[in-house]
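Residues per chain, in single letters:
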Amino acid sequence: GPQDFAPVTEVFFFFYVLVVNPAVPAKDVKELIRLAKDKPGTLALANSGVGQSTHMTAELFRMETGIDVITVPYKGNAPAVSDLLGGQVQMMFDNLPPALAQIQGGRVRALALTSTTRAPALPDVPTMQEAGVADFDVTAWFGLMVPRGTPDAVVRRLEAESAKVLADPQVTQALRKVGIEPRFQ
């Protein structure tokens, strides 16, 4: 279990992004909320699986905004995105790395990021807080763990090597290009 591991360092995080099918008339989060409140139970919000992080993010959004939308669970991200692109569902929260190509290609429209900072890969897309949903901060982070009892010298070496890699401007640039933000802690 979790008690069998010890942390080394956090290495990166990524954003979630609220995306809509381009046919949705809302151009920003406030318009989407207004549309959902004007037509309760008519907009469909996809998620990539019950209990997944994108599902929990969507539920937080529903709770924070008080909107009434139809939640449509999928067995994975690919079928959810496919139906979003096809217009069977109107919106979803997606992980930024896989959504980036769809956004940049204009196949979906990004309304807001779920973090408190903007993504370098999408500098014009506001955060959810900037878009008017207060206290909304959801990101996914990844770190290195070792089995508990790993010698301190090994842990320090892993930490030092991680710091070197994450300080490399080429690594940082490559990560940011695909929507991942390095974070050494």
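What counts, and at which threshold
Residues numbered from 1 in each chain as written. Predicted model: local features only at pLDDT ≥ 70, side-chain atom pairs only at ≥ 80, totals over all residues. Heavy atoms only, no water. Core = buried A, V, L, I, M, F, W, Y, C linked by side-chain atoms within 4.5 Å. Buried < 20%, exposed > 50% of the residue type's maximum accessible area, 1.4 Å probe, protein only. Helix = DSSP H or I, 4+ residues; strand = E, 2+ residues; numbered from the N terminus. Arc of directions from axis to C-beta. Contact = heavy atoms within 4.5 Å. Salt bridge = Lys/Arg side-chain N within 4 Å of Asp/Glu carboxyl O. Lys, Arg positive; Asp, Glu negative; His and termini not counted. Polar contact = N/O pair within 3.5 Å; in protein donor to acceptor, adjacent residues only side chain to side chain. Phe/Tyr/Trp six-rings, centres within 6.5 Å; stacked < 30°, edge-to-face > 60°.

Caption draft 1: Focus on the nonpolar core. One finds Leu18, Val29, Leu32, Phe61, Met91 and Met128 to be the most contacted residues of the largest nonpolar core, which totals 31 residues. Of all the secondary structure elements, the ones that give two or more residues to this core are strand S1 (5-20), helix H1 (29-38), helix H2 (53-65), strand S4 (91-95) and strand S5 (109-113). Core analysis: the second largest hydrophobic core is formed by 23 residues, Ala80, Leu113, Ala121 and Val125 among them.

Caption draft 2: A look at helix H3 (residues 77-86). Three or more residues of H3 are buried, namely Ala80, Val81 and Leu84. Each buried residue of H3 lies within a common arc of 95° when the element is viewed along its axis, so the set occupies one face. For H3, the exposed residues lying more than 90 degrees away from the buried face are Ala78 and Gly86. Looking at the buried side of H3, the elements it contacts are S1, strand S2 (44-47) and S4. Once H3 ends, the next one or two residues include Gly87, with phi positive near 85°.

Caption draft 3: Representation of the pattern of salt bridges in the model. If you walk through the whole model with that rule in mind, you get six salt bridges. Of the charged contacts in the structure, one is a salt bridge between Glu161 and Arg157, with a shortest N-O distance of 3.3 Å. You can see Glu161 and its partner Arg157 sitting in helix H5 (residues 152-167), four residues apart, about one turn around the helix. Overall, the relative accessible area of 31% leaves Glu161 in the partly exposed class. One network of salt bridges, with partners in common, ties together Arg157, Glu161 and Lys164.

Caption draft 4: Spatial organisation of the side chain of Asp94. By secondary structure assignment, the location of Asp94 is in strand S4. Arg107 provides the closest opposite charge to the buried, salt-bridge-free Asp94, at an N-O distance of 11 Å. Of note is the side chain of Asp94, whose polar atom sits 3.3 Å from the side chain of Asn77. Those residues in contact with Asp94, other than ones at most four positions away along the chain, are Phe15, Tyr16, Val17, Thr54, Asn77, Val81 and Ala99.

Caption draft 5: A look at the packing of aromatic side chains. Throughout the structure, instances matching the rule amount to seven aromatic pairs. Note on Phe13 and Phe15: the rings are 5.4 Å apart at their centroids and 65° apart in plane angle, and the pair reads as edge-to-face. The interplanar angle of 65° and the centroid separation of 5.4 Å between the aromatic rings of Phe61 and Phe93 together place this pair among those described as edge-to-face. Here the residue Phe61 occupies a position in helix H2, and Phe93 occupies one in strand S4, the gap between them amounting to 32 residues. For Phe93, a relative accessible area of 0% puts it in the buried group. Among the aromatic side chains, those forming a connected cluster through ring pairs are Phe12, Phe14, Tyr16 and Phe142.

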